[in-house]
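One letter stands for each residue in the lines below.
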Amino acid sequence: MRNKDIPIQLAWCKPYNAFRCPSCGHEGKFSLYVYTATNEPVDPEHRCGRCSVCRYNYPPREYFADHGRNTPKFDPYSSNSRRWIEPFDTINEKKVIAYHRHKGPLYDFLVSMFPKESVDKAWDKYLMGAMRNGKVIFWQVDNFGAVRTGQKVKYLPDGHRDKETEFSWVHNSFRSYNLMQCLFGLHLVGNGQSPVFVIEAPKTALICSICYPQYTWVAVISRDQFSGEMLWWIRSHRILALPDVDALAQWQEKAKVLNSKDYHIEVLDFLNLYEATEDEIKEIGEKGDIGDLLIMRSKRK
């Protein structure tokens, strides 16, 4: 697939640090404080922000105090959208395009398990990156198209993660980087209220999208990130969570807390949902997830 055919326009969506610093005058190094839901700058005159060069910092609390306003900081447990968030850095979208290739151990494994056309569509949809050392990049692109970071993971030919190689992050190559993570697949979530399926691992989101492309699948990256901070951006949607086997109770308890704060989360046991047999449950084990079940059933076809 040619780079120009990637199904998302990223070039326009970098509003966070495309401004001149009012203190030192550097271009493109000044990050604005913005309202979370609308991405509007807190200060229309672009003074309320932080510079990565001269360390100028004019936070909203000071701006509001100076201008007689009082808007609270971002609270992921509130449905109030007029709240400010800390500025964060983003990665040049050209990196996403440069690494987008249909190759690598994980890609080859998925093609061996599922129809190539379905794999290609999901691979493109999630803007998957493939490095020459065999690692894939799970990009975290937000609903404004900004590239927050990318998780680099090496896989073996059998589709399992190479546990002898630690995963790493694209943003670690920068000397200074203000990170704010987002859901893997957040850029696929529309503005409506259609349900969003949430799982733990990006690879599992990819597999689920291959099997059920009619639904939107996102991943929280790790089970402890099933939180208000990560899910806030999809809070207006019905959230259907499918945790790993051993994370079911943890996510159910977390969902109770979030649902009391105007979230709409239903945590599902995928083994019951898919009527897994005793042999399948035994083979999946306590650490398994829905992706393992889908691959298992694909092998048996």
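**Student:** Can you explain the overall build of the protein? Please cite residues and give values.
**Tutor:** A tally of helices and strands in the protein yields 10 helices and 12 strands. Sorting the 301 residues of the protein into buried and exposed places 51% on the buried side. Sequence separation of 24 or more characterises 59% of the internal contacts of the protein that already satisfy a separation of 6 or more. As displayed, the protein offers around 14800 Å² of accessible surface, 47% of which is attributable to carbon and sulfur atoms.

**Student:** How would you summarise helix 5 (residues 202-211) if you had to cite specific residues and measurements?
**Tutor:** Within helix 5, 9 of the 10 residues are buried, which leaves the element mostly enclosed by the surrounding structure. Taken together, the buried positions of helix 5 are P202, K203, T204, A205, L206, I207, C208, S209 and I210.

**Student:** So, the sheet that holds strand 6 (residues 135-141): which residues are in play, and what are the values?
**Tutor:** The antiparallel open sheet is built from 4 strands, whose spatial order is 5-6-7-8. The sheet is open, and its two edges are formed by strand 5 (129-130) and strand 8 (168-169), each paired on a single side. With 2 bridges connecting them, strand 7 (residues 147-154) and strand 8 associate as antiparallel partners. Within strand 8, the residue paired with Q151 across the bridge is W169.

**Student:** Break down the sheet that holds strand 10 (residues 216-219) for me, citing the residues and quoting the values.
**Tutor:** The sheet built from 4 strands is open, its strands ordered 10-9-11-12 with parallel pairing. Bordering the open sheet on either side are strand 10 and strand 12 (265-267), each of which pairs with just one other strand. For this sheet the average axis-to-axis angle between neighbouring strands, irrespective of direction, equals 25°. Pairing geometry for strand 9 (residues 196-199) and strand 10, over 4 bridges, is parallel. Paired with F197 across the two strands is W217, which belongs to strand 10. Its contacts with the sheet place helix 5 against strand 9 and strand 10, and it is angled at close to 170° to strand 10.

**Student:** Any details on the pattern of salt bridges? Residues and values, ideally.
**Tutor:** For the structure shown, the criterion picks out 13 salt bridges. Note that D43 and R47 form a salt bridge whose closest N and O atoms lie 3.1 Å from each other. By sharing partners, the salt bridges in this structure join E200, R223, D244, D246 and K287 into a single network.

**Student:** So what's going on with unusual backbone geometry? Which residues, and what values?
**Tutor:** The backbone of L127 shows a phi angle near 55°, a positive value even though the residue is not glycine. One non-glycine residue with positive phi stands out, namely E275, at about 50°. The class of E275 is exposed, set by a relative accessible area of 66%.

**Student:** I'd love a proper account of the pairing of strand 6, names of residues and values included.
**Tutor:** Here strand 6 lies mainly inside the structure; 7 of its 7 residues are buried. Covered by surrounding structure in strand 6 are K135, I137, W139 and V141 together with V136, F138 and Q140, the residues of both alternating faces. Between strand 5 and strand 6, which pair antiparallel one after the other, the connecting turn spans 4 residues, and G134 there sits at a positive phi close to 95°. Bridge count between strand 6 and strand 7: 7 bridges; the pairing is antiparallel. The residue bridging V141 from the neighbouring strand is V147, located in strand 7.

**Student:** Describe the pairing of strand 7, listing the residues and the values that go with them.
**Tutor:** Among the 8 residues that make up strand 7, 7 are buried, leaving the element largely enclosed by the rest of the structure. With antiparallel pairing between neighbouring strands as the criterion, strand 6 and strand 7 make up a hairpin whose turn holds 5 residues, including G145 at a positive phi of roughly 90°.

Analysis parameters
- Residues numbered from 1 in each chain as written.
- Predicted model: local features only at pLDDT ≥ 70, side-chain atom pairs only at ≥ 80, totals over all residues.
- Heavy atoms only, no water.
- Helix = DSSP H or I, 4+ residues; strand = E, 2+ residues; numbered from the N terminus.
- Buried < 20%, exposed > 50% of the residue type's maximum accessible area, 1.4 Å probe, protein only.
- Contact = heavy atoms within 4.5 Å.
- Areas by Shrake-Rupley, 256 points an atom, 1.4 Å probe, with all protein chains shown as cover.
- Pairing = 2+ DSSP bridges.
- Axes fitted to C-alpha atoms, helices over the stretch in contact; angles between N-to-C directions.
- Salt bridge = Lys/Arg side-chain N within 4 Å of Asp/Glu carboxyl O.

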